[in-house]
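Chain by chain, the residues run as shown.
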Amino acid sequence: MKQKNYIRTSLIIIFIALCIPTIYAQDIEQKISLDGIWKFKADYYNKGETQIWYHNNFDDTGWDKLNVPGNWDIRNEYSEFSGKGWYRTTFQSPDGVEQKNVHLSFEAVGTDYKVWLNNELIGVFIGGFLSHDFDLTGKLKQGQKNCLVVCADNSFRCGAYWNWGGIRRPVTLVINNSLFIESVKVISVPDLQKGSAKVTIDAAIHNGDKITDKVDLFYSLSLAGKVIKKGFSSISLNGSVSNLATFEFILPKKDVKLWHFDFPNLYSLKVSIIKGNTIAHEANERFGIRKLELKDGKFLLNGESIRVMGFNWVADERLTGNTLPADLYKRDIDNMKSLGANMARLSHFPLPKEVYDYLDEKGMLIVAEIPLWGTTKLTEPENPIAKSWLKLLVNTNFNHPSIISWSVGNEIGDKIRNPKVMEYVENAIKYVKDSLDHSRYVVMVSHTANSQKEDPSKYADFVLYNSYGSWGKNIDKVHEFQPNKMIFLSECGEHLIGEDLNTATGNFTKMINELKGREYFFGASLWTYNDYRSNYRSGNPTWDSKVSQNRDWGIIDGYGNKKKAYNIIRREFAPLKCIKVGQNQNSLEVNIQPREKLDLPAFPLHEYKLVCEEFGTDDKVSQRTEIILPAINPGDASFNKTFDLKTTKKAVASRRIFVVNPTGYMFMDTTIYYVAPQKPFIKSVFNNGTKIRVVFDPVKMGTEYKLLYGENELNQKSTNSIDNFIEVDNLTDSKNLEKTYQIQLVAVNNFGESKSNIYQEKISSFSKLPPVIKAVRAFQNGISIGYSTEKEEYLYKIQYSTSPDFSKDTYIIQTTTKGACYIPDLTPGIKYYIRMSSVEQYEIQSSWSESYAITI
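So, how was this worked out
Residues numbered from 1 in each chain as written. Predicted model: local features only at pLDDT ≥ 70, side-chain atom pairs only at ≥ 80, totals over all residues. Heavy atoms only, no water. Phe/Tyr/Trp six-rings, centres within 6.5 Å; stacked < 30°, edge-to-face > 60°. Helix = DSSP H or I, 4+ residues; strand = E, 2+ residues; numbered from the N terminus. Buried < 20%, exposed > 50% of the residue type's maximum accessible area, 1.4 Å probe, protein only. Lys NZ or Arg CZ within 6 Å of the ring centre and 35° of its normal. Pairing = 2+ DSSP bridges. Axes fitted to C-alpha atoms, helices over the stretch in contact; angles between N-to-C directions. Contact = heavy atoms within 4.5 Å. Parallel < 35°, antiparallel > 145°, perpendicular 65-115°, else oblique. Left-handed = near helix turned anticlockwise from the far one by under 90°. Nonpolar A, V, L, I, M, F, W, Y, C, P; charged D, E, K, R; others polar. Patch = residues over 30% accessible without salt bridge, like charges linked within 9 Å, V, L, I, M, F, W, Y side chains within 5 Å. Areas by Shrake-Rupley, 256 points an atom, 1.4 Å probe, with all protein chains shown as cover. Salt bridge = Lys/Arg side-chain N within 4 Å of Asp/Glu carboxyl O. Polar contact = N/O pair within 3.5 Å; in protein donor to acceptor, adjacent residues only side chain to side chain. Right-handed = clockwise from strand over helix to strand, strands pointing away. pLDDT = per-residue confidence, 0-100. Core = buried A, V, L, I, M, F, W, Y, C linked by side-chain atoms within 4.5 Å. Expected span 1.5 Å × (residues − 1). Arc of directions from axis to C-beta.

**Looking at the packing of aromatic side chains**
- Applying the stated criterion to the full structure yields 43 aromatic pairs.
- With centroids separated by 6.0 Å and ring planes inclined at 80 degrees, the aromatic side chains of Tyr113 and Phe134 adopt a geometry described as edge-to-face. Placement of the pair is Tyr113 in strand β6 (residues 112-117) and Phe134 in strand β8 (residues 132-135), with a sequence separation of 21 residues. Take Tyr113 and Phe134: they sit in the same class, and that class is buried.
- Between Phe462 and Phe522 the ring centres are 5.6 Å apart and the planes differ by 75 degrees, which places this aromatic pair in the edge-to-face class. Highlighted residues: Phe462 in the loop between β25 (441-446) and β26 (463-467) and Phe522 in strand β28 (residues 521-526), separated in sequence by 60 residues.
- Through pairs of rings, three or more aromatic residues link up here, namely Trp38, Phe40, Tyr44, Trp72, Tyr78, Phe81 and Tyr87.
- The aromatic ring of Phe398 is capped on one face by Arg440, whose charged end is 5.6 Å from the ring centroid.
- When the ring centre of Phe806 is taken as origin, the NZ or CZ atom of Arg835, which lies over that ring, is 4.0 Å away.

**Description of the sheet that holds strand β47 (residues 783-787)**
- What the 3 strands build is an open sheet, ordered β46-β47-β50; its pairing is antiparallel. Looking along the sheet, the strands with just one partner apiece sit at the ends: β46 (773-778) and β50 (820-823). In this sheet, neighbouring strand axes are inclined to one another by 15 degrees on average, regardless of whether the strands run parallel or antiparallel.
- Direction of pairing for β46 relative to β47: antiparallel, over a ladder of 5 bridges.

**Quick look at helix α3 (residues 353-362)**
- Turning to α3, its buried residues number three or more, namely Val355, Tyr356, Asp357, Tyr358, Leu359 and Asp360.
- Elements that come into contact with the buried residues of α3 comprise β17 (278-287), α2 (326-338), β23 (365-369) and β24 (403-410).

**A few points about the packing of helix α7 (residues 508-515) against helix α8 (residues 564-572)**
- Taken N-terminus to C-terminus, the directions of α7 and α8 make an angle of 25 degrees; their axes are 10 Å apart at the nearest point. Of the possible angle classes, the one that applies to α7 and α8 is roughly parallel. Considering the relative orientation of α7 and α8, their crossing is right-handed. Note on element contacts: α8 touches α7 through Ala565, Ile568, Ile569 and Glu572, opposite Phe508, Thr509 and Ile512.
- Split into classes, the residues belonging to the contact of α7 with α8 amount to 5 nonpolar, 1 polar and 1 charged.

**Focus: a nonpolar patch on the surface**
- Residues Leu121, Val124 and Ile126 make up a contiguous nonpolar surface patch of about 240 Å² in total accessible area.
- Residue placement: Leu121 occurs in strand β7 (residues 120-125).

**Comments concerning the pattern of salt bridges**
- Taken as a whole and assessed by the stated rule, the structure comprises 43 salt bridges.
- Here Arg286 and Asp357 are joined by a salt bridge, their closest N and O atoms 3.9 Å apart. Of the two residues, Arg286 sits in strand β17 while Asp357 sits in helix α3, which places them 71 residues apart along the sequence.
- Salt-bridge contacts for Lys706 lead to Glu753; the nearest nitrogen and oxygen are separated by 2.7 Å. Placement of Lys706 in strand β40 (residues 704-710) and of Glu753 in strand β44 (residues 753-755) is noted, with a sequence separation of 47 residues between them.
- Salt bridges here are not isolated pairs; linked through shared partners, they connect Lys609, Glu613, Arg624, Glu626 and Arg656.

**Description of the environment of Asp360**
- Positionally, Asp360 belongs in helix α3.
- For the pair Asp360 and Ile763, spaced 403 residues apart in the sequence, the C-alpha separation amounts to 56 Å.
- Polar contacts involving the side chain of Asp360 include one to the side chain of Ser402, which spans 2.7 Å.

**Description of the pairing of β23**
- Of all 5 residues making up β23, 5 are buried, and the element is well covered by its neighbours.
- Where strand β22 (residues 343-344) meets β23, 2 bridges bridge the pair, whose relative direction is parallel. Its bridge partner lying in β23, Ala344 is registered against Ile366.
- Bridging between β23 and β24 involves 4 bridges; their strand directions are parallel. Across the sheet, residue Glu369 finds its bridge partner in β24, namely Ser407.
- Where the polypeptide runs from β23 across helix α4 (residues 385-396) and back to β24, its parallel neighbour, the crossover connection is right-handed.

**A closer look at the confidence of the model for the protein**
- Mean pLDDT over the protein: 93, with 96% of residues reaching 70 or higher.
- A low-confidence stretch, residues 15-26 (pLDDT under 50), is modelled with 12 contacts involving residues beyond four sequence positions or located in other chains.

**Some words on the nonpolar core**
- Counting residues in hydrophobic clusters, the biggest one holds 150 residues, and the most contacted among them are Leu104, Phe106, Phe299, Phe311, Trp313, Tyr424 and Ile555.
- The contacts of Trp313, once residues within four sequence positions are left out, are Tyr161, Leu324, Tyr329, Asp332, Met336, Leu346, Ser347, Leu351, Val355, Tyr529 and Asn530.
- Membership of the second largest hydrophobic core comes to 29 residues, among which are Ala203, Val215, Phe249 and Ile289.

**With respect to the sheet that holds strand β14 (residues 226-238)**
- Taken in spatial order, the 4 strands of this open sheet run β14-β13-β16-β17, and their pairing is antiparallel. In this open sheet, the two strands that pair with only one neighbour each are β14 and β17. Each strand axis lies, on average, 20 degrees off the axis of its neighbour in the sheet, ignoring direction.
- Pairing analysis gives 12 bridges linking strand β13 (residues 212-223) to β14, with the strands arranged antiparallel. Among the inter-strand pairings, Asp213 is bridged to a residue of β14, identified as Leu237.

**What about the pairing of β7?**
- Bridge count between β6 and β7: 5 bridges; the pairing is antiparallel. Bridged to Tyr113 within β7 is Phe125.
- Count of turn residues in the β6/β7 antiparallel hairpin: 2 residues, of which Asn118 carries a positive phi of about 50 degrees.

**Points about α4**
- The end-to-end C-alpha distance of α4 is 16 Å, a good match for the 16 Å that 12 residues give at a rise of 1.5 Å each.
- Those residues of α4 not exposed but buried are Ala386, Trp389, Leu390, Leu393 and Val394. Take α4 and look down its axis: the buried residues cluster within an arc of 120 degrees, on one side only.
- Turning to α4, the residues buried within the fold contact β23, β24 and α5 (421-436).

What follows is the structure in structure tokens.
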């Protein structure tokens, strides 16, 4: 009997290997994107439903056109609109659809929405932060043209975030046979002593025709592109729509590669249903094998104690809203990893699957949370919405190894404002553990755990706590109330640090030093990584959003520019305490000092490297030398490593020494320059009668810039800047309103300086400076522009042209939008030139800014 089963399994495996390439494309699953240009209308007077805007025959001739995915508040005319926005599109029914299972998938919508298909209301969804599917089975007819209408309402707001509106992530039609794999969940438990791992695979099978029959289930498991295990089982469908099949097996030590934030090893799993001689469906998943423990007052990852740091990330940007283009989320996650971030309650909102995929690949421990914040009726236990959100969050993201815990809410612990919160948190945590996922921790985020002994965080596996001052005192109080719980500071901040890249430094060193030295405390997450759009007002100027609608907590601004605080945090979050570089005639001596045992961060370092790169005057690497470092544990003694220098200083423009982790992220870099920066050039000069602004482009090997200036000689200087402009003020007085200044731009590095040509600027009368252009980006066949905003300004003009001197094909748009605007409907492949001007009352208009070129 065993031999027959073996032969049958082998034949099925051979069949699958031969047939999958052709069958999958034709018969298994079809995904049709409905992304593109949709008709759009803002429902300012809330009349859309009464006027049946959802009807197939409704005349939408005068409607606007917007991108899906996209945010309507990127567009200037809808930048402040909060309410209902209507979207309409049509699509043709695919061939053979009448016999298929069809679902309409929305990855994310801002925020609540209704959906109509061919005049029929097919569903309402509250909380479009989460992905959701609508069942269209039997509703599409062969050869039929379908009218799809969505009414999105962004009136709901969570916290101080901007409530971006619109269909902000992809919309997909998913078509399957009636028999398909609905979901695959994997739980893997490593045995750290033996090195093996137990793997359990649960495959939920949708049996739409309610057949009673035997089908075959096959799985294939791969690691690093190599198949390491295959399996097969026959299951009996019992005539119900939902069926569950389970595989369990032990992976031997040779096939176990643990997932860790420094070693994000991922397994690929393919599960196939075979009915008769046909592959009915396939599902592909990835997972990681890792072990988390709260044990003996330590937080353990794969048996090692870790004390880790991270960020809160507001997953949006002024130029692209919260659509999260791939290049943007990858930039931000890469930045956070290179800053030393390894754990965080990363976002108040659930993130798209592809973002969690990237976190899995790059290695970061994440607490995933539903958007329950502050005073809310959603904490009433009888309210079903929070429970439905938790179910969607867990089921949709079950296999991501980066997610180590689920959070049932943020800052909801005030029992006066939320009188039933104790019952809600207890029930919600029990529901997740008993019904959804027993393999992960479940928590809530508290801002009251320091002030009330009976706090709902007592039901959590560990305490996530938010603090914005007296950090050490507050977490000591949390520990006093809950002495048996480990604590992680999920939000750590003090006040807004400013929009100016040069002066935004924060108080981070003091904050982090207050947190060190406590065994029960294993990490903190800074609020925030980035500035974000907000119109939050509290009456406290150190907390209120700026006129630009930017809330400037971040170490990068809302346009992606790094502040001085960026490198401060990079030092504080580094995996080593410090490295010191000394240079002799023929060698570089590097002293490496590990972290202390109760430092932050503090964790064992394996397979890290010390690297020395040499650069030529073209700023390209000419030579790279690596030293593999020994295993380093917190509390180890400092030690030295030596690089022998084979090239002379004259042949090298600079040397960069840094530590690199196993995933390739660079830390603690020190650059030694042997030549001055390239000569800088002044791009534009503006003045307003008392102030001069000099704009320039960064040059190779320049780390900072300063301005030399004076009337008859260059006898004054500005402070150094990391930005691409410098301003100097108080250049005239009431007695002398006409002056001519000499100006010289200086590029600086640790070897020396390079100077531009001297520029003459005459100051003669009052005028207005143009906006500072912070960023320009091609986006959805248009241009997004980020810029500075002053409170006196009420209007912004943007000039764009296909000619560099704006002499032909030139247009001007104007907007009242603060901080960012958008030029739509441009031609792909064409280079455009843009510049800006701002207007105050009494028609006081600034000069045009410097121009920027960008290709759509």
